[in-house]
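# Report on the structure
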Amino acid sequence: MRSIFTVTDIRPLASGVFAITFDAPELARAATPGQFVHIKCGHSRPLRRPFGICDVRGDMLTVAFEVRGDGTRWLAVSEPGRRVDINGPLGHGFSNPDGDILLVGGGLGAAPLLFAARRARGRVSAILGFRSDANAILREEFDSVCEDVFVATEDGSSGLRGTVVPPLEELMKTKRFSAVLACGPRPMLRAVADISESAGVKCEISLEERMGCGVGACLVCVCETQSDDVTKMSRVCRDGPVFDSREVVR
Amino acid sequence: MSADTRVVFAGVTFNNPVVAASGTFGFGREYSEYYDLSELGGICTKGLTLAPRLGNPPPRIAETPMGMLNSVGLQNPGVEEFIRYELPFMRRFDTRVIANIAGESAAEYAAMAERLSDAGVDMIEVNVSCPNVKNGGLQFGVSAAAVAEVTREVRRRANVPVMVKLSPNVTDITEMARAAESEGADAVSLINTLLGMRIDIKTRRPVLANNTGGLSGAAVLPVALRMIWQTRQAVRIPILGMGGITTGADAVEALLAGASLVGVGTASFSYPEAALSIRDGIAEYMNQNKIGSVSELTGSVILN
Ligand SMILES: Cc1cc2nc3c(=O)[nH]c(=O)nc-3n(C[C@H](O)[C@H](O)[C@H](O)COP(=O)(O)OP(=O)(O)OC[C@H]3O[C@@H](n4cnc5c(N)ncnc54)[C@H](O)[C@@H]3O)c2cc1C
Ligand SMILES: Cc1cc2nc3c(=O)[nH]c(=O)nc-3n(C[C@H](O)[C@H](O)[C@H](O)COP(=O)(O)O)c2cc1C
Ligand code: FES
């Protein structure tokens with residue numbers, strides 16, 4: 001559904017990264033983790049911008065975003081009371097598996113995993129990778145809903161030095177997870193999928209692609225997938241953004 | 001009295017003049033979650049080919065000032081899967097179904113047209129103007145002789161009205177319109193997208209994986225209006241006019257320029273219900289100006 005919603009809060013999470021919250025009861029009720037919203041960022045930009053749903057509390061829906069270009073710059077100058085046109089919730093999100101799950105997020109990819117952590121049925125562990133301490137977002141939020149949280153930074157300024165891969169390999173040896181849910185840059189997703197698959201653990205990855213309609217009609221947002229030996233161009237906006245890692249052609 | 005928005009176009013009755021443009025609306029399934037498709041005059045399907053096609057690699061879209069480029073490359077499930085799975089769904093609505101087809105030879109176009117008209121579509125839209133495929137598509141649309149040949153073959157085998165979709169990527173669009181008309185086309189639709197390009201200055205690479213793509217959206221409206229108007233002077237068959245129509249007022253301009261129906265494409269990406277607000281905007285204009293039928297508007301621009 002598409003409607004106009006009011007901004008209730010916007011706060012910086014890191015330099016150039018904001019969490020924006022909307023009073024959006026209809027969206028909040030319908031949203032499931034891994035889905036996204038499609039936001040009209042002003043009249044002069046015809047294409048809506050897709051953002052994963054970071055959190056839902058009561059009637060409030062939060063999106064965490066980084067200023068990347070014109071549209072996100074428009075969104076960043078929002079103040080409480082601004083009315084914003086949002087279409088959503090859209091797409092196919094994470095399954096909600098039974099048992100303990102592991103979340104692996106890279107950069108802004110951590111955002112949609114927070115919502116997944118909140119709705120999880122079993123215990124939740126999280127590994128979050130960032131460039132450096134200054135970019136590490138949502139740590140308290142993850143701490144409050146996860147059993148354990150491991151942070152890795154490329155420069156070692158916070159948590160472990162390096163990528164999410166070493167802690168992931170370590171954790172896969174010591175714990176048994178029913179699923180790994182991951183969101184972040186493509187190379188990270190590839191590594192997480194490889195490690196999970198070779199450990200025999202189901203892995204769900206959230207992909208990004210440039211979008212037009214956002215609803216599945218225009219076929220611009222595709223990624224190559226394969227199931228039962230049939231190759232398809234699947235729509236990230238509708239068949240995804242979350243896919244079973246075994247289906248996505250790397 | 002409120003305006004009668006019905007339009008008889010190439011012998012087919014449309015409940016209103018607004019048609020979803022090919023490739024922007026899939027087969028209607030997704031947008032049917034936003035409104036009842038019976039509210040639309042008609043739907044042009046995604047461009048169909050004989051065999052299924054996977055299309056071009058992503059990224060397939062780039063935003064441009066008040067517009068966008070696409071390079072989908074005719075991803076579609078193929079004619080047979082369309083007939084088996086999509087057409088029955090579309091037939092559930094009181095809206096006209098126009099099958100958009102793209103072939104690699106005149107014979108292929110003709111075979112598809114026959115199969116689809118037997119399967120029960122209301123019209124065939126012959127896409128000789130797709131800028132995003134290597135074989136077929138635009139290669140036919142930029143030569144009057146090729147447009148004529150494809151039209152002739154399709155006209156011979158189709159049992160429903162045939163509309164030829166023209167490309168704006170030509171020196172003189174009226175030459176193509178005349179070629180289609182002379183071989184028996186029942187209507188023309190225009191414009192398809194304008195070939196364009198964007199470059200990412202950080203990577204120095206084109207934004208689209210296909211390097212170039214087709215420009216659509218509000219930015220192209222003036223070009224579309226000029227071409228509709230020129231085509232109106234050149235042929236007697238009716239025109240489905242499209243290209244950048246975003247508001248009811250834009251649609252009225254297209255009708256005044258010479259269109260009998262209007263197509264809505266990219267506007268739906270900004271607002272899923274765009275086609276309906278455009279339809280309502282046309283009706284409002286007609287009521288305010290005491291215009292009894294859409295055909296009174298068609299081509300009624302008063303030149304300076
Ligand atoms: C399913 C999904 C979920 C996303 N979730 C988030 C999120 O939670 N937080 C966040 O900060 N970002 C997220 N993104 C990326 C976000 O959509 C882009 O950063 C944003 O669209 C950039 O817009 P812009 O106008 O600032 O940038 P510009 O570069 O000016 O945008 C130009 C065009 O390219 C598109 N575009 C540019 N980068 C991307 C990208 N990475 N992905 C898709 N389209 C892009 C824009 O939408 C626009 O159409 C998500 C993307 C997808 C596909
Ligand atoms: C994503 C996309 C896909 C398209 N696919 C087709 C197609 O398959 N066949 C076709 O004839 N036109 C196709 N078109 C062209 C549109 O039908 C229309 O002619 C054009 O976009 C101009 O109208 P607009 O500005 O309202 O979008 C496509 C356009 C877009 C944006
Ligand atoms: S953005 Fe249109 S199909 Fe995904």
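What counts and what doesn't
Position numbers for residues start from 1 in each chain and track the written sequence from start to end. As a convention, the first chain written is A and the first ligand written is 1, with the rest following in written order. The predicted origin of the model limits local features to residues at a pLDDT of at least 70 and limits the giving and counting of side-chain atom pairs to 80 or more, whereas totals for whole chains, interfaces and linings rest on all residues. The basis for every side-chain value is the complete set of non-hydrogen atoms in the structure, without hydrogens or water. Angles shown run from 0 to 180 degrees and are taken between the N-to-C directions of axes, each axis being a line fitted to C-alpha atoms and, for helices, limited to the stretch in contact. The secondary structure listing takes helices from DSSP runs of H or I that are at least 4 residues long and strands from runs of E that are at least 2 residues long, numbered from the N terminus. Throughout this description, any angle smaller than 35 degrees is read as roughly parallel, any larger than 145 degrees as roughly antiparallel, any in the 65 to 115 degree range as roughly perpendicular, and the remainder as oblique. Left-handed describes a crossing whose near helix is turned anticlockwise from the far helix through less than a right angle; right-handed describes the clockwise counterpart. Two residues form a contact once any of their heavy atoms are found within 4.5 Å. Buried area is calculated as the accessible area (1.4 Å probe) missing from two parts once they are joined, with the contributions of both summed. By definition, a salt bridge exists where a carboxyl oxygen of Asp or Glu is found within 4 Å of a side-chain nitrogen of Lys or Arg. The definition of a polar contact used here is a pair of N or O atoms within 3.5 Å, where within protein one atom must be able to donate a hydrogen and the other to accept one, and adjacent residues in sequence count solely through side-chain atom pairs. Here a strand pair is declared whenever DSSP counts at least two bridges between the two strands.

With that out of the way, let us pick up the packing of helix α6 (residues 221-234) of chain B against helix α7 (residues 248-257) of chain B. Residues and elements named next belong to chain B. For the pair α6 and α7, the least separation of the axes is 8 Å and the interaxial angle reads 25°. With respect to α7, the axis of α6 lies roughly parallel. In terms of crossing hand, the pair formed by α6 and α7 is right-handed. Taking contact as the criterion, the partners of Leu-221, Leu-225, Ile-228, Trp-229 and Arg-232 in α6 are, on α7, Asp-250, Glu-253, Ala-254 and Ala-257.

Attention now goes to the interface of chain B and chain A. On the side of chain A, 30 residues touch chain B, which itself brings 29 residues to the contact. Taken together, the two surfaces of chain B and chain A that pack against each other cover about 2500 Å², and 59% of this comes from carbon and sulfur. There are four salt bridges connecting chain B and chain A. Glu-33 of chain B is paired through a salt bridge with Arg-238 of chain A; the nearest N and O atoms lie 2.4 Å apart. Along the contact surface separating chain B from chain A lie eleven residue pairs in polar contact (both at pLDDT 80 or more). Every element with two or more residues in the side of chain B that touches chain A is listed here: β5 (61-64), β6 (67-70) and α8 (267-270) of chain B.

Let's shift gears to the sheet that holds strand β11 (residues 194-196) of chain B. Strand pairs in the sheet, formed through backbone hydrogen bonds, run parallel or antiparallel to each other. Residues and elements named next belong to chain B. The four strands are arranged β5-β6-β14-β11 in an open sheet whose pairing can be described as antiparallel. The sheet is open, and its two edges are formed by β5 and β11, each paired on a single side. Shown here is a sheet whose adjacent strand axes are inclined to one another by a mean of 35°, direction ignored. Here β5 runs beside β6; their pairing, made up of four bridges, is antiparallel. Pairing of Thr-64 across the sheet is with Gly-67, part of β6.

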